[in-house]
Amino acid sequence: KAKILIAGQAPGRKVHESGIPFDDASGDRLREWVGVSKDTFYTAEKIAILPMGFCYPGSGKTGDLPPRSECAIAWRAKLLNQLPQLQLTLVIGQYAQSYHLIQNNLSLTERIKSWKDYGPNVIPLPHPSPRNNGWLKRNSWFEGEVLPSLRKRIIELL
């Protein structure tokens, strides 16, 4: 029944251990971005959460490793087919964007800057991780331009 899909990457270590998607600082920021309470965020009939991978992929030199590619190949399309009511997909981070968006030759910043080009049903977002504080600081237009439109669209759907 969900009208909104959060297409994420993969759980971090803390989320993997808790088993609750976005049960960390990234989730706090994401809920702030979309303007919803925890209760609404975790109401499956309103918001579906589907990462590119369901398990923690491990740590790399600069952060978590990418989601394991065989996961999305095995089940993503089957699960997306179970969500016929979707009217908005929030595509979070480069790995989810590479899967869901046609313009794969663009950088993450270019994709997010061109967010209006994806129409009213898809909005690419940076990952809400505190590791992206520098990106958010360098791209202040994101908060002033993208987030108000995102919140308005969420209100329309909920």
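It should be emphasised that the depicted structure is a prediction, and the values quoted were computed from it without experimental measurement. (Residues numbered from 1 in each chain as written. Predicted model: local features only at pLDDT ≥ 70, side-chain atom pairs only at ≥ 80, totals over all residues. Heavy atoms only, no water.)

> Even after reading the chapter, I still don't get unusual backbone geometry, so can you show me in this structure?
Glycine aside, the phi torsion of most residues is negative, and most peptide linkages are trans. Even without being glycine, phenylalanine 22 reaches a positive phi, approximately 55°. Position of phenylalanine 22 among the secondary structure elements: in the loop between helix 1 (13–18) and helix 2 (25–34). The buried category is assigned to phenylalanine 22, whose relative accessible area is 12%. (Helix = DSSP H or I, 4+ residues; strand = E, 2+ residues; numbered from the N terminus. Buried < 20%, exposed > 50% of the residue type's maximum accessible area, 1.4 Å probe, protein only.)

> Is there a simple way to think about the sheet that holds strand 2 (residues 47–51) in this case?
Two modes of strand pairing occur in sheets, parallel and antiparallel, and in both the strands are linked by backbone hydrogen bonds. The strand order 2-1-3-4 describes an open sheet built from 4 strands, whose pairing is parallel. Because the sheet does not close on itself, it has two edges, and the strands there are strand 2 and strand 4 (122–125). Between one strand axis and the next, the sheet turns by 20° as a mean value, whatever way the strands run. As judged from the 5 bridges shared by strand 1 (residues 4–8) and strand 2, these two strands associate in the parallel manner. If you follow isoleucine 6 over to strand 2, its bridge partner there is isoleucine 49. In the packing of helix 4 (residues 69–80) onto the sheet, contacts are made with strand 1 and strand 2, and the angle to strand 2 comes to roughly 165°. This element, helix 5 (residues 93–100), spans strand 1, strand 3 (88–92) and strand 4 of the sheet and lies at about 130° to strand 3. (Pairing = 2+ DSSP bridges. Axes fitted to C-alpha atoms, helices over the stretch in contact; angles between N-to-C directions. Contact = heavy atoms within 4.5 Å.)

> I keep staring at the packing of aromatic side chains and nothing clicks. Help me out?
The description of an aromatic ring pair uses the distance of the two centres, along with the angle that the planes make with each other. Tallied over the full model, the rule gives 7 aromatic pairs. Aromatic rings pair up to connect Trp33, Trp135, Trp141 and Phe142 into one cluster. The cationic tip of arginine 31 hangs over the ring face of phenylalanine 41; the distance from NZ or CZ to the ring centre is 5.1 Å. In this arrangement the basic side chain of arginine 76 is found over the ring face of tyrosine 99, its NZ or CZ atom lying 5.4 Å from the centre. (Phe/Tyr/Trp six-rings, centres within 6.5 Å; stacked < 30°, edge-to-face > 60°. Lys NZ or Arg CZ within 6 Å of the ring centre and 35° of its normal.)

> Which parts of the structure should I look at to understand the environment of phenylalanine 142?
Inspection of the secondary structure assignment puts phenylalanine 142 in helix 8 (residues 141–157). If sequence neighbours within four positions are ignored, phenylalanine 142 has contacts with Trp33, Ile112, Leu125, Pro126, Trp135, Leu136 and Leu147.

> Help me out: how do you make sense of helix 2 in this one?
Structural remark: α-helix, 3.6 residues per turn; residues separated by three or four positions point the same way. Taken together, the buried positions of helix 2 are occupied by Ser26, Gly27, Leu30, Arg31, Trp33 and Val34. Take helix 2 and look down its axis: the buried residues cluster within an arc of 155°, on one side only. Those residues of helix 2 that are buried are in contact with strand 1, helix 3 (38–41), strand 3, strand 4, helix 7 (133–138) and helix 8. Where helix 2 starts, the residue carrying a side-chain oxygen 3.2 Å from the main-chain nitrogen of serine 26 turns out to be aspartate 24. Where helix 2 terminates, the next one or two residues include glycine 35, which has phi positive at roughly 75°. (Arc of directions from axis to C-beta. Polar contact = N/O pair within 3.5 Å; in protein donor to acceptor, adjacent residues only side chain to side chain.)

> Quick question: what am I supposed to make of the environment of arginine 111 here?
Its location among the elements puts arginine 111 in helix 6 (residues 108–113). With a relative accessible area of 3%, arginine 111 lands in the buried category. A C-alpha to C-alpha distance of 9.4 Å links arginine 111 and isoleucine 123, two positions 12 residues apart in sequence.

Structural measurements only, silent on function.
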